[in-house]
Amino acid sequence: MPPVSDLEQAWPRPSAPRKVVLIGAGGIVENAHLPAYGAIGIPVRGLFDLDGARAAAVAARFGVERIYGSLAEAVAEPGALFDVAVPARAVPSVIAALPEGCAVLIQKPMGETLAQARQIAALCEERQLTAAVNFQLRFSPNMLALAAAIRRGLLGELVDVEVRVNTYTPWQLWPFLKGLARHEILYHSIHYLDLIRSLLGEPRGVLCKVLRHPSLPDYADTRSATILDYGERCRVLVSVNHAHDYGPEHAMSELKLEGTEGAAVARMGVNLDYPRGLPDSLELAKRGGRFESVALRGSWFPCAFEGTISNLQRFVAGEDDELCTRTADALKTMALVEACYESSAAGGTRISDG
């Protein structure tokens, strides 16, 4: 298959970008939100963080004009679209403080449990918010191009889908994750589950096992193996190990799809040598042919974050008909995450004594 140069790799930009107020100034804001917004001309009016020194440093680096002294001051910014990038457990209190009828982008996950996700969705509905959740992997250049290839029928019917991640992740960069009862699927593999839903629709069920690792005693599940039930014709699995501390030779971070007409392999480079990461890639092949690379405009971090904010801004302006990661859709991803943990807790089918 020759390189396909016209596969869509970027979400259309809003024609008249609205100003954004950021709630939270952590690493994800510094490394993804602000670089992405600057790249496509999204104006950032100001930011607030409980750590005032952190907020000042990030604002200075990116030329953000205002640092708010309190959440109340931040949410009082007139006409703003709000970007909430705080730990999941803090989301309900922030949502409850937002102005009624505003638009908001909520950092994933949508709470730490399905019950919390439902609470957040109810709060958004009660306050008449136009709310989306920042499930951004589906908006990365290689995944947008992959989705376009699938829509065009280049792969035919999908019959085999695998996410394969075997890498070392420095979880100490996120100290708020220490001690949480749920970790790997809730804060990482949730991306892959959401992406698979966006490509294949809703699975019938799930089999899952999550595991700790002795080298990461402060964290809950850091490895997982998940099989999604999409019927008798499509095998779907997600295999993730964050404790592969043995160099880059056998590390991997990729999505592999096979169809009746073609195949694709997409690399998610941010997981390799984090936080520097490697470039993303996408390769396509026709049945019986060789894989050929698709030239990409960028990678998941930070380019995917252009898509979530653009979709929300365009939806509010009437330029997009669909809000792709609206809370109702995000609830389905959260329900799948909940089912994974329930499956793991239930254990596998008992083997008879023979």
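Scroll up for the structure.
A brief look at the structure comes next. (Residues numbered from 1 in each chain as written. Predicted model: local features only at pLDDT ≥ 70, side-chain atom pairs only at ≥ 80, totals over all residues. Heavy atoms only, no water.)

Okay, the overall build of the chain next. If you tally the helices and strands in the chain, you get nine helices and 14 strands. Taking 354 residues into account, the globule formula puts the C-alpha radius of gyration at 20 Å, and the chain, at 20 Å, falls close to it. For the chain, the spread of C-alpha atoms along the principal axes amounts to about 65 × 50 × 40 Å. Counting every position in the chain, which comprises 354 residues, the buried fraction comes to 54%. By sequence separation, contacts in the chain at least 24 residues apart represent 70% of the contacts at least 6 residues apart. Surface accessibility of the chain: about 15500 Å² in total, with carbon and sulfur atoms responsible for 52%. (Helix = DSSP H or I, 4+ residues; strand = E, 2+ residues; numbered from the N terminus. Rg over C-alpha atoms; globule rule 2.2 N^0.38 Å. Buried < 20%, exposed > 50% of the residue type's maximum accessible area, 1.4 Å probe, protein only. Contact = heavy atoms within 4.5 Å. Areas by Shrake-Rupley, 256 points an atom, 1.4 Å probe, with all protein chains shown as cover.)

For the rest of this paragraph, the subject is the sheet that holds strand β14 (residues 292-293). If you walk across this open sheet you meet the eight strands as β8-β9-β10-β7-β11-β12-β13-β14, and the pairing is mixed. The open sheet has two edge strands with one neighbour each: β8 (205-211) and β14. Where strand β9 (residues 223-229) lies against strand β10 (residues 235-241), seven bridges are found, and the strand directions are antiparallel. Residue Ala225 lies in a different strand from β10, and its bridge partner there is Ser239. Most of the contacts of helix α7 (residues 184-200) go to β10, to which it runs at about 160°, and overall it touches β7 (158-166), β8, β9, β10 and β11 (252-259). Together, β8 and β9 form the strand contacts of helix α9 (residues 327-346), whose direction differs from that of β8 by roughly 65°. (Pairing = 2+ DSSP bridges. Axes fitted to C-alpha atoms, helices over the stretch in contact; angles between N-to-C directions.)

On to the packing of helix α5 (residues 114-126) against α9, then. Interhelical geometry of α5 versus α9 gives an angle of 170° and a closest axis separation of 9 Å. In terms of orientation, α5 lies roughly antiparallel with respect to α9. Seen from α5, the contacting residues are Leu114, Ala117, Arg118, Ala121 and Cys124; seen from α9, they are Thr327, Leu331, Met334, Ala335 and Glu338. For the contact of α5 with α9, the class distribution of residues is seven nonpolar, one polar and two charged. (Parallel < 35°, antiparallel > 145°, perpendicular 65-115°, else oblique. Nonpolar A, V, L, I, M, F, W, Y, C, P; charged D, E, K, R; others polar.)

The next subject is the sheet that holds strand β3 (residues 66-67). Read from one edge of the open sheet, six strands run β3-β2-β1-β4-β5-β6, paired in parallel fashion. Each having just a single partner strand, β3 and β6 (130-133) make up the two edges of the open sheet. Note: strand β4 (residues 81-84) against strand β5 (residues 103-106), three bridges, orientation parallel. Bridged to Val84 within β5 is Ile106. The strands that helix α8 (residues 300-316) touches are β1 (20-23), β4, β5 and β6; relative to β5, the one it contacts most, it runs at about 160°.

Taking 1.5 Å of rise per residue, 14 residues should cover 20 Å, and helix α1 (residues 27-40) covers 20 Å from first to last C-alpha, within 8% of that figure. At His33, α1 is deflected by roughly 30°, the largest bend along its length, and proline Pro35 occurs up to four residues later in sequence. For α1, the secondary structure elements touched by its buried residues are β1, β2 (44-48), α2 (52-62), β4, β5 and α8. In the stretch just after α1, Gly41 is the one whose phi turns positive, near 75°. (Expected span 1.5 Å × (residues − 1). Bend = angle between axes of the 7 residues up to and from the residue.)

Across all of its chains, the model carries six aromatic pairs by this definition. Geometrically, the ring pair formed by Phe176 and Tyr187 is edge-to-face, given 5.8 Å between the ring centres and 70° between the ring planes. Within this pair, whereas Phe176 is found in the loop between β7 and α7, its partner Tyr187 is found in helix α7, the two being separated by eleven residues in sequence. Take Tyr187: its relative accessible area is 9%, and that puts it in the buried class. Three or more aromatic residues joined by ring pairs form one cluster here, namely Trp171, Trp174 and Tyr274. (Phe/Tyr/Trp six-rings, centres within 6.5 Å; stacked < 30°, edge-to-face > 60°.)

The next point concerns the nonpolar core. Core analysis: the largest hydrophobic core is formed by 85 residues, its most contacted members being Ile95, Val104, Leu255, Leu257 and Leu284. Looking at this core, the element that brings in the most residues is α7, giving eight residues. Look past the residues within four positions of Val104 in its chain and what remains in contact with it is Phe82, Val84, Ile95, Leu98, Leu129, Thr130, Ala131, Ala132 and Leu312. In terms of nonpolar packing, the next biggest core, distinct from the first, is built from 25 residues, Ile40, Ile42, Val58 and Ala103 among them. (Core = buried A, V, L, I, M, F, W, Y, C linked by side-chain atoms within 4.5 Å.)

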